[in-house]
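Here is how the chains run, residue by residue.
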Amino acid sequence: MAPRPDQRVITRLGRVLGHPTYLSVSLSLLIVVMAVSSLFPQLTPETAGDAYHLAVWLGRVELRYGASTETLADLGLFRIGRSPLFWVPLALLIIGLLAWALHRLAATWRLARGSRRPPIESLLRAPLIARLGEPLGTDALISRLAPLLRRERLRTDSLDGSDGTLLRLDRHRWANWGTILCHLAPILLLVGALLTAMYSRLEPLELSSDGARPDLRLASIDMAADDGAPSAVLQTARGDILHIDPYHPARTEGRRLHWGESWQIEGVHYLALTVHHDPGWPLFLSAAVALCLGLFLRLYWRPSTYWLRVGSDGTLRLVLDDAFRHSHHQADLERMSAELRAVLSLVPGDEGKG
Amino acid sequence: MIPWPLAIALIAAWLMSIVHAATRRRPLAWMACGLCWIVVLAALLLMVARGIESGHWPLGTRQEFMLAYLILLLLATCMLAARWREHRATSWILPIALGLAVSLALSPEEASAVRPLPPALRSPLLQAHVLTILLADTLLTVAGGLALVQIVRPAPGDGCPWLPPDDETETRMARLVSLGVPWLAVGILLGAIWARDAWGSYWSWDPKETWALITLLWYQMPLHLRVLPRRRRRRVAWLVLVGMLLVLFTLVGVPQVAGALSLGSLHGY
């Protein structure tokens, strides 16, 4: 059944948005915005949440940029993570990634699962690499190819061919999951970052050594430890002991406590902490780990799929799956063809003997 | 930070590799590699001595990072030449190592002094972050050297006797980018996890962070644009070369720019 006109428009739009040129342009825009923003001081949530530090930061910025401070602030150059200048190209990139995912995900999924349909048209058009002198059944062919398959770490599946034998030769097929992870994880990662930007909050918490709070007590504080960094020991209401210093937060009951300031009045030590709530972090971390895993899978164990067709007249044709076309795919194909001829003791072209 | 004789040895190695590329005399290639190995061993001894003197892992300052970068870069260059059995590319990668060695030799005493490690940097997570970034930078720099080979090639093909074969150079350049990019991503992630503990948030839009992310994003282009006809493949080489310049700018240029603009980078180096 022919697709409806509106379906054709959607398909075409998907192809345009998922095209490498569109993705390159939106990525370049994003890079330019980030590069420009790196020339301006950025207001962090920690500074924004502290009145004194915010006043100092604002004073410095106004002194430096003078009358143009307001314009720069309106453009969002001091808080690029929340600026439309950043979010617009990022949104364009995400739309492109989603379009790519919709356009190519099904094919990549089938590749990863090994259920991709053979490219019959490409196989029919592919140049003849050799001709078998005598007909070979699928099992006999696979056993003849066994040394090559072992050497090249190729997995074989035979498929029903209407005319002759059709073999799929896979290397690291499972690494195709990496492609899916690489392209979906950035979207989740940005959702995590968005949650952080929108819902993370900082709360002040003041502790003293006289134990005014029932849930948490400052057990001890060392202002001049041997390594130069102050440190403190906290005790929860349940009796748990927590260690904290300016660079190592303490965790208790799902809260993250960060060191703020410490002081002493009339023999009583005080410690100001900041409680961090960040609902986006678990998603951000999971997506970032998935992204790294996907990159390793895809780029360290490069998957490839070859299709080998042996016609009923003994002709051998080989193609590399379209999904694995790269700059040196022709060289790959020629090498593989030569290997096949060698293992089957054939000579190139129509003159081969079985 | 490193004595001048080592920088001079690298200059000699570079000149030998140039003469080898022009004349194809193999002993010159072996001598160039031998000199590189001598520099690697001497630099390793320097690093170990600094580690013993300071009492901490010797990657706490920019100078120490650059010394480690130099060692890995030379190691990668020698290993690439040995595995490839092709030494003509060495003359295009060595100038980068030479630049590092000269800048280390010229660095003032004060910058090279052994310092105690600040408390914020005493974290295994940070060590892993620095090591992964170091590994990524090395692989991507060598890829940049091979990109330079592809760019200076007069025409596609193997017609140029002083350059390594076209297809092999391109395959290796693409492979090195593929090997380097995942480590760069892991390095940035480890840095974010560490920063969340040490600074309270995993992303602060610090200039160094921003440029590391720009570099990672940039490399997505050569990774995705490999499917190009032969006549347009030089574009990929340009992208890889610019990627290498971004790596070097993030390492050396960003702290200078952040200092000049008083941006107050949170990164020590």
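Residues numbered from 1 in each chain as written. Chains lettered and ligands numbered in written order. Predicted model: local features only at pLDDT ≥ 70, side-chain atom pairs only at ≥ 80, totals over all residues.

With respect to the overall build of chain A
In step 1: Counting secondary structure elements, chain A contains 11 helices and 12 strands.
In step 2: Since a compact globule built from 354 residues should have a radius of gyration of about 20 Å, the 31 Å found for chain A marks it as more spread out than a globular shape.
In step 3: Its C-alpha atoms give chain A principal-axis dimensions of about 100 × 50 × 40 Å.
In step 4: Burial statistics for chain A: of 354 residues in total, 30% are counted as buried. (Helix = DSSP H or I, 4+ residues; strand = E, 2+ residues; numbered from the N terminus. Rg over C-alpha atoms; globule rule 2.2 N^0.38 Å. Buried ≥ 20, exposed ≤ 12 C-beta atoms within 10 Å, placed from the backbone.)

With respect to the overall build of chain B
In step 1: Summing up its helical and strand segments, chain B has 10 helices and 0 strands in all.
In step 2: Starting at the N terminus and walking to the C terminus, you meet the elements of chain B as α-α-α-α-α-α-α-α-α-α.
In step 3: Over its C-alpha trace chain B gives a radius of gyration of 19 Å, about what one expects of a compact globule, namely 18 Å for 269 residues.
In step 4: Counting only C-alpha atoms, chain B reaches 55 × 40 × 30 Å along its principal axes.
In step 5: Considering chain B as a whole, with its 269 residues, one finds that 49% of them fall into the buried category.
In step 6: Expressed as a percentage of contacts within chain B between residues at least 6 apart in sequence, the contacts between residues at least 24 apart total 77%. (Contact = placed C-beta atoms within 7 Å.)

Structural notes on the pairing of strand β3 (residues 165-171) of chain A
Residues and elements named next belong to chain A.
In step 1: With respect to burial, β3 is a largely interior element, 5 of its 7 residues being buried.
In step 2: In this sheet, β3 lies alongside strand β2 (residues 155-159) in antiparallel orientation, the contact comprising 5 bridges. Residue pairing in the sheet places L159 in a bridge with L166 of β3.
In step 3: Inspection of the sheet shows β3 paired to strand β11 (residues 304-310) by 7 bridges, in the antiparallel sense. Looking across to β11, one finds that R171 is bridged to S304. (Pairing = 2+ DSSP bridges.)

Things to note about the interface of chain A and chain B
In step 1: Taken together, the contact pairs 38 residues of chain A with 36 residues of chain B.
In step 2: Elements supplying a minimum of two residues to the side of chain A that touches chain B: α2 (20-37), α3 (45-48), β10 (268-277) and α10 (281-300) of chain A.
In step 3: Considering each element in turn, the side of chain A that touches chain B owes the most residues, 8 residues, to α2(A).
In step 4: Grouping the amino acids of the side of chain A that touches chain B by side-chain chemistry returns 21 nonpolar, 14 polar and 3 charged. (Nonpolar A, V, L, I, M, F, W, Y, C, P; charged D, E, K, R; others polar.)

Considerations on the nonpolar core
Grouped burial of nonpolar side chains is what soluble globular proteins tend to show.
In step 1: Ranked by size, the top nonpolar core spans 121 residues in total, and within it L291(A), L70(B), A97(B), A143(B) and V240(B) carry the most contacts.
In step 2: With 14 residues, helix α7 (residues 166-198) of chain B is the largest single contributor of residues to this core.
In step 3: Excluding anything up to four places from it in sequence, A97(B) contacts L10(B), L70(B), L73(B), L74(B) and T77(B).
In step 4: Within the second largest apolar cluster, 21 residues are counted, among which are I129(A), L308(A), V319(A) and L340(A). (Core = buried A, V, L, I, M, F, W, Y, C linked by C-beta atoms within 7 Å.)

A short note on the confidence of the model for chain A
All names here are of chain A.
In step 1: Residues with a pLDDT of 70 or more make up 91% of chain A, whose mean pLDDT is 84.
In step 2: Looking over chain A, one finds the lowest element-wise mean pLDDT in helix α1 (residues 5-17), namely 76, and the highest in α10, namely 95.
In step 3: Taken as a whole, residues 350-354 scores under 50 in pLDDT and shows 12 contacts with residues more than four places along the chain or in a different chain. (pLDDT = per-residue confidence, 0-100.)

Describing the domain arrangement of chain A
In step 1: Once the domains are mapped, chain A shows domain 1 (5-108), domain 2 (120-172 + 302-348) and domain 3 (201-277).
In step 2: Summarising the inter-unit geometry, the C-alpha centres of domain 1 of chain A and domain 2 of chain A are found 47 Å apart. (Domains from an automatic or database assignment.)

Here we look at the sheet that holds β2(A)
All names here are of chain A.
In step 1: Strand order in the open sheet formed by 5 strands is β1-β12-β11-β3-β2, with antiparallel pairing between adjacent strands. At either margin of the open sheet sits one strand with a lone partner, and together these are β1 (128-131) and β2. Neighbour-to-neighbour, the strand axes of this sheet turn through a mean angle of 25°, independent of strand direction.
In step 2: Most of the contacts of helix α8 (residues 138-151) go to β2, to which it runs at about 160°, and overall it touches β2, β3 and β11. (Axes fitted to C-alpha atoms, helices over the stretch in contact; angles between N-to-C directions.)

A few points about the environment of A126(A)
In step 1: Mapped onto the fold, A126(A) is located in the loop between α7 (120-125) and β1.
In step 2: Once residues within four sequence positions are removed from consideration, A126(A) is found in contact with R317(A), L318(A) and V319(A).

A word on the environment of L285(A)
Residues and elements named next belong to chain A.
In step 1: With respect to the secondary-structure elements, L285 resides in helix α10.
In step 2: Given 17 C-beta atoms within a 10 Å radius, L285 is considered partly exposed.
In step 3: Residues L285 and A126 lie 159 residues apart in sequence; the distance between their C-alpha atoms is 46 Å.

Considerations on the packing of helix α6 (residues 124-152) of chain B against helix α10 (residues 234-260) of chain B
Residue and element names in this part refer to chain B.
In step 1: Interaxial distance between α6 and α10 falls to 8 Å at its minimum, and their mutual angle equals 140°. The pairing of α6 with α10 is recorded here as oblique in orientation. Between α6 and α10 lies a crossing of left-handed hand. Side by side, α6 and α10 meet where D137, L140, T141, A143, G144, A147, L148, Q150 and I151 of the first sit next to R234, A237, W238, V240, L241, G243, M244, V247 and L251 of the second.
In step 2: Of the residues belonging to the contact of α6 with α10, the class tally is 12 nonpolar, 4 polar and 2 charged. (Parallel < 35°, antiparallel > 145°, perpendicular 65-115°, else oblique. Left-handed = near helix turned anticlockwise from the far one by under 90°.)

Considerations on helix α1 (residues 4-23) of chain B
Residues and elements named next belong to chain B.
In step 1: With 20 residues, α1 should cover 28 Å at 1.5 Å per step; its first-to-last C-alpha distance of 28 Å lies within 8% of that length.
In step 2: Buried residues of α1: L6, A7, L10, A13, W14, M16, S17, H20 and A21, and no others.
In step 3: The inward-facing, buried residues of α1 abut α2 (26-54) and α4 (90-106). (Expected span 1.5 Å × (residues − 1).)

Quick word on unusual backbone geometry
Residues and elements named next belong to chain A.
In step 1: Even without glycine at this site, R153 takes up a positive phi of about 55°.
In step 2: Along the chain, the position of R153 falls in the loop between α8 and β2.
In step 3: Positive phi outside glycine occurs at E266, with the angle close to 50°.
In step 4: Along the chain, E266 turns up in the loop between β9 (255-265) and β10.
In step 5: Among the residues examined, E266 registers 4 C-beta atoms within 10 Å and is labelled exposed.

Some points on the sheet that holds strand β7 (residues 241-244) of chain A
All names here are of chain A.
In step 1: Sheet architecture is open: 3 strands sit in the order β5-β6-β7, paired in antiparallel fashion. The open sheet has two free edges, formed respectively by β5 (216-222) and β7, since each of these has just one partner strand. The average angle at which neighbouring strand axes cross in this sheet is 25°, direction not considered.
In step 2: As paired elements, β5 and strand β6 (residues 231-236) share 6 bridges and run antiparallel to each other. From the neighbouring strand, L218 faces β6, where its bridge partner is L234.

Considering the domain arrangement of chain B
Residue and element names in this part refer to chain B.
In step 1: You can read the domains of chain B as domain 1 (1-117) and domain 2 (120-269).
In step 2: For domain 1 versus domain 2, the separation of C-alpha centres amounts to 19 Å.
In step 3: With 23 residues of domain 1 at the contact, the number on the domain 2 side is 20 residues.
In step 4: At the level of secondary structure, the elements contributing two or more residues to the side of domain 1 that touches domain 2 comprise α1, α3 (62-84) and α4.
In step 5: Here the side of domain 1 that touches domain 2 takes 10 residues from α3, the largest share from any one element.
In step 6: Looking at side-chain class alone, the side of domain 1 that touches domain 2 contains 17 nonpolar, 3 polar and 3 charged residues.

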